[in-house]
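The residues making up each chain are set out below.
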Amino acid sequence: MKRTLVTVIAVSAAFGLAACSSANSGSTNSSSSSPSPSSSSSSSNSLPGSSSSSSSSLSSSAPVETSSTSAETPPPAGKATIYAAVTAANGTALQDAFHTAFPNETISIVAAGTGKLVTRMEAEEKAGGVRADAMLLADPTVMPQLASDGILGDYVPSAASQLPAGNSGQGWFGPLDFYNVIVYKDGLTPVPKDWSDLTNPAYKGKIEIGDPSYSGTTLAMAAEMPKLAGADFFTKLKANDVKIVQSTNTVGNDIASGARPIGITLDSVYRPLKEKGSPVTIVWPASGAIPVPAPAAMIKGSTNPVAKNFLDWLLTTDGQAELAKLGYSPALDSSGAVPAGTKIATVPFQDLVSQRATILGDFTKVFGG
Amino acid sequence: MTLPTAQLAEGQVGPHPVSASGAAPRSRMLRVGGEWTVVLVGVAVLVAWPIGRMLYEVIAAPSIIADLWNESQMTAAIEGTVVTSVGGTVLALIIGGGSAVAFWRLRVPAQAVLAGGLLLPILIPPFVSALSVTQAYTAAGLAQHLVGLQMNWLFGAVGTTILLGVQQVPIAFLIIAAATRTRGSGDAERAARASGAPPWTTLWTITFPLLRPAIIAATALCFISCASDFGVPAVLAIPARYPTITTEIYQAMSFSTNGLADPIALSALLIVAALIVFAVTSRFATAGVAANRHTTPLVIRRRPWHTAVAVLIGLYIFVVSVFPLLGLISIAITKVYGESPVPAHWSFDHLATALQGDAISGFLRSLLLAVLAATLLVVAGVLAGRLGLRRGGRALGALIAVPYAVPGSAVAIAILLTFSKFLYGTIAIILVAYLSRFWALAQQPISAALSQLSPDPALAARASGASAWRAWWVSVWPAIRPSMLAAWLLVFLYSLHELTVSSLLYVPGTETIGVVVLNAEEGGDLATTSAIALWLTIVILLCAVPLIVSRRLRSILGFSSGGSW
């Protein structure tokens, strides 16, 4: 029929259009990942809508109206957009603290989970360039992919040299750490001291852990636990009727509610619960808490001085104190967020990425799914 | 006894007049010029271009599809999606469709309130509903606090299926309820009854064929809605190690070895599933009985068991919506999360905190987006629906459903890839994404209503000299008005609490209420999450009060039948 024909033609035209535009963005993509991003950023200058909230993104050649302020001159002033895997409240607190420290400078934080931000950056990169200047994520295992996507810049603050070895990688540094720890609801007996205590039949049906398929922080836990608590740890944990949930936040909440009064979660999940008064207690396991750095990095193509200054600030005493105030464990620790003398396991993060399939495979072998 | 009915059925059941061979000249007579252009441009811009652009990412790297197939979980994930989605769809049709038919054929008391109750599950985001159900019924939940009951079996395939079904009940109910009001089937039914057909025979030979387009539309929509949902499996399936395609997509987004290609390739699976569902169901999409206009309603005598039906529906609403809502309230008003929800621990702090920050501006933004999306899509739905009776139109209907058949994140990726050049950082990009994603929600009820109509009245109007638009206005518009309202409500409610699409598209200053809820939840702050969801429910319920009070509004929606039908 004629109508069918028209439909087919129109639809194929639209698909052709799509292919066209993707070819376009492919070329922009490659030009933006090349060292001199002038062509891609000049095209992005003309974008409507990028003027207000992300005016200085891709500011290697900053938008015309702000070029005088964000040119690379010593007193940096202006705005930067940061993609941060923090809660909206913590994002606002970071914005305010930074603005207090540098009244001429404003950062604008887009808060979302790491997975969402990575997806967003990858899509934006393909569509002509990431609309932010820097990132602060919660999972170092995504960084190699971001690097190969051509999204990671190479700026690292000079203070990063003071960080522990595990807290730097190609193009990123970890201003704070998450620690996999044991948390239990007050009143639970016996009180656990170490990872291996979780295999105690007294906790049968009471334990909850996160799913390593959904985050690198839990992946680190799944990788390290057999080393710290014995190769058969997860088998024993399964025998203890452990429950596996998608997110470590759920673990924290279920511990607090008593649905599952003990579990493995992050110190950053525990602290807000405790602060609000939930009856929970943290245990830094004797054989070692499992650290996972939160990666911060510039976005390739951005030379925004405010964004760089923000990354620098994260490693200052002031910035580290602010991170501690928000319930994180700052990496250059002087805050007491992690008790003195706590044993910390060493996690080889490069291996974590390359061995992800094996780690998940072993985990699935035990728990199924 | 059955003979007259059979004859009647034979006379009425059969190919729809429009699809009969003589249809072409008649339908041409009713066409309004320019529609095709408008609809095709709309489909190209909102659906074909973004989805095509997205799929290009995997077409450009075909090896990724092969890799995915070799993954051990793939078969299990597909099976999980098919099982839970089919189960959920059947459940939604039985409960939602059953209630709609009961409201129509029986004198069920308190219909307006019950109808509102049946819609409760779509007032809050799916993941919050899933959360509220677990908070109400599983370990340490409200039911355990009150009566010592805990149903931990909800974690698993059965629980996932049930909750997916419950989430889609409003879709099935609205579409089928609207169809029952679209046209009076009174004449045919009265004829059947007068000829001595017992009620069940009438139901089977007249009522169901008449509602068939609506039931088919609801089936297709419920299925793709179940298959693309992540909120429910995230809460109920993951703890049972029961994979679905959406949990796989979410994993691929949390950790990507191939950038965007993995989640897109997995989403393509859902697109294929949706197209299969549409191809299969569209064979049955025409009404077996053509209905004309609002005819004289049937007089139905009230019987005691009609009240029992109302009690049954009320009980269902209490179990799946009201009690979980109480669970949500108990979290929102308990001062410290984890303490037992007894009066000594009550506090309104969380309800107050929830209104700080971006909650109110986010709500207003969502309200604006929802009104715009619903209104524009109903118009688009009517335009495209007028074309839907022909084969090309039906293919178009399937295409329109694609963005609703994939997870919101995939739609957001597609929109970012195509529109971020022009619209990044504006609220318009979120609107475009909603128009793309929710078009099917408007299209299905409207197309179903249109395909039930006989073209005769419109032809009569044309023959009497009315312009095409005028003919449409006097003959078609009054008949499909209930379905348009159902479509508007579906898009409005889904846009209002939408969170996955907007969380990938927002920038500071364009947060939707969904983003605010999600940011609270991702921070693990259940009390604030519950409080915001609660406010959302309260505001929408307040908006719904006029509906329940105003007889006129109810009669437009078709829930007021109580005595007169």
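Once a new chain begins, its residue numbering starts again from 1 and follows that chain's sequence as written. Think of it this way: whatever chain is written first is A, whatever ligand is written first is 1, and the rest follow in order. In keeping with the model being predicted, local features are shown solely for residues with a pLDDT of at least 70 and side-chain atom pairs are shown and tallied solely at 80 or more, while totals for entire chains, interfaces and linings include all residues. Each side-chain value is worked out from all heavy atoms of the structure, with water and hydrogens disregarded.

## Some thoughts on helix α21 (residues 456-463) of chain B
Residue and element names in this part refer to chain B. To keep it simple, the criterion reads: Burial classes: relative accessible area under 20% of the type maximum marks a residue as buried, over 50% as exposed, and values in between as partly exposed (1.4 Å probe, protein chains only). Helix and strand definitions here come from DSSP, where helices need a minimum of 4 consecutive H or I residues and strands a minimum of 2 consecutive E residues; each element is numbered from the N-terminal end. An arc is given here, and it is the one of the directions from the helix axis to the C-beta atoms.
Within α21, the full set of buried residues consists of Ala458, Leu459 and Ala461. Mapping the buried residues of α21 onto a view down its axis gives an arc of 160 degrees, with all of them on the same face. A positive backbone phi angle near 100 degrees is found at Gly465, which sits one or two residues after α21.

## Side note on the pairing of strand β10 (residues 290-298) of chain A
All names here are of chain A. Rule in force here: At least two bridges found by DSSP between two strands is the condition for calling them paired.
Burial within β10 is extensive, with 9 of its 9 residues counted as buried. Relative to β10, strand β3 (residues 134-136) runs antiparallel, the two sharing 3 bridges. Along β10, the bridge assignment pairs Leu136 with Ala296. Bridge count between strand β5 (residues 172-185) and β10: 6 bridges; the pairing is antiparallel.

## Looking at helix α7 (residues 126-137) of chain B
All names here are of chain B. What counts, and what does not: Here the expected length of a helix is defined as 1.5 Å per residue gap, with one fewer gap than residues.
With 12 residues, α7 should reach 16 Å at 1.5 Å per residue; the first-to-last C-alpha distance of 16 Å fits that figure. When you tally the buried positions in α7, you get 11 out of 12 residues, the bulk of the element. Within α7 the residues assigned to the buried category are Phe127, Val128, Ser129, Ala130, Leu131, Ser132, Val133, Thr134, Gln135, Ala136 and Tyr137.

## Focus on the confidence of the model for chain B
Residues and elements named next belong to chain B. What counts, and what does not: For every residue, the pLDDT score states the predictor's confidence, bounded by 0 at the bottom and 100 at the top. The contact criterion used is simple: two residues touch if any of their non-hydrogen atoms lie within 4.5 Å.
Here chain B averages 83 in pLDDT, while 86% of its residues score no lower than 70. Mean pLDDT across the secondary structure elements of chain B bottoms out at helix α1 (residues 2-12), with 36, and peaks at helix α19 (residues 408-423), with 94. Across residues 1-26, where pLDDT falls below 50, the model places 35 contacts with residues more than four positions away in sequence or in other chains. Predicted confidence for residues 560-565 stays below pLDDT 50, and this span has 19 contacts to residues more than four positions away or in other chains. Reported confidences for the modelled complex are a pTM of 0.85 and an ipTM of 0.85.

## Overview of the domain arrangement of chain B
Residue and element names in this part refer to chain B. The condition that has to hold: For the purposes of this description, domain bounds are those given by an automatic or database domain assignment. Any Lys or Arg side-chain nitrogen located within 4 Å of an Asp or Glu carboxyl oxygen qualifies as a salt bridge. Here a polar contact is taken to be a pair of N or O atoms separated by no more than 3.5 Å, where protein atoms must pair a possible hydrogen donor with a possible acceptor and residues adjacent in sequence count only if both atoms sit in side chains. As a working rule, the residues Ala, Val, Leu, Ile, Met, Phe, Trp, Tyr, Cys and Pro are called nonpolar, Asp, Glu, Lys and Arg charged, and the rest polar, with Gly in that last group.
By domain assignment, chain B separates into domain 1 (21-60 + 349-559) and domain 2 (73-248 + 306-337). Taking only C-alpha atoms, the centre of domain 1 and the centre of domain 2 are 21 Å apart. With 48 residues of domain 1 at the interface, the matching set in domain 2 holds 46 residues. Counting the contacts that link domain 1 with domain 2 gives 1 salt bridge. Two residues, Asp349 and Lys335, come together in a salt bridge whose shortest N-O distance is 3.4 Å. On inspection of domain 1 and its partner domain 2, the count reaches 6 residue pairs in polar contact (both at pLDDT 80 or more). Breaking the side of domain 1 that touches domain 2 down by element, the ones donating at least two residues are α16 (349-354), α18 (391-405), α20 (427-452), α22 (468-496), α24 (513-522), α25 (526-549) and α26 (551-557). Of the residues assigned to the side of domain 1 that touches domain 2, the class counts are 34 nonpolar, 10 polar and 4 charged.

## Section: the layout of surface pockets
Empty space among the atoms becomes apparent when a probe as large as a water molecule is rolled across them. Residues and elements named next belong to chain B. Filter applied, for reference: Every definition here rests on a 1 Å grid over the protein atoms only: cavities are sets of points where a 1.4 Å probe fits but cannot get out, pockets are open sets enclosed by protein on both sides within 12 Å along at least five of seven lines, and lining residues have some atom within 4 Å of a point. Grid points are joined across faces, edges and corners, and a volume is the space filled by probe spheres set on the points.
Roughly 970 Å³ of volume is contained in the second largest pocket. As for the second largest pocket, its lining consists of 33 residues, and the residues nearest its centre are Arg105, Leu106, Trp200, Leu203 and Trp305. When residues of the lining of the second largest pocket are traced back to their parent elements, those giving at least two are α5 (73-105), α10 (186-194), α11 (199-227) and α15 (304-333).

## Focus on the side chain of Ser502(B)
Residue and element names in this part refer to chain B. Note on placement: Ser502 falls in helix α23 (residues 500-505). At 2.9 Å, the side chain of Ser502 and the side chain of Thr512 are in polar contact. Ignoring any residue separated from it by four or fewer positions in sequence, one finds Ser502 in contact with Ile430, Tyr434, Thr512 and Val515.

## Digging into the environment of Ile249(B)
Residue and element names in this part refer to chain B. By secondary structure assignment, the location of Ile249 is in helix α13 (residues 245-254). For Ile249 and Ala265, which are 16 residues apart along the polypeptide, the C-alpha to C-alpha distance reads 8.9 Å. When neighbours within four sequence positions are excluded, Ile249 is seen to be in contact with Pro263, Leu266, Ser267, Leu270 and Pro407.

## Side note on the interface of chain B and chain A
The accessible area lost on association of the parts is a frequent measure of interface size. Here is the rule we go by: A simple way to read buried area is as the amount of 1.4 Å-probe accessible surface that goes missing from two parts once joined, with both sides added.
Contact residues are listed per partner, giving 62 residues for chain B and 70 residues for chain A. When the two sides are added together, the surface that chain B and chain A hide from each other amounts to roughly 6,000 Å², 58% of it contributed by carbon and sulfur. Contact with chain A buries surface across chain B, with Arg241(B), Phe255(B) and Tyr424(B) losing the most and accounting together for 14% of the total. The tally of links between chain B and chain A comes to 3 salt bridges. Across the pair Glu57(B) and Lys126(A) runs a salt bridge, and its minimum N-O distance is 3.2 Å. Connecting chain B to chain A are 16 residue pairs in polar contact (both at pLDDT 80 or more). Of all elements in the fold, only α3 (35-59), α13, α18, α19, α23 and α24 of chain B reach the threshold of two or more residues within the side of chain B that touches chain A. In the side of chain B that touches chain A, the residues fall into 34 nonpolar, 19 polar and 9 charged.

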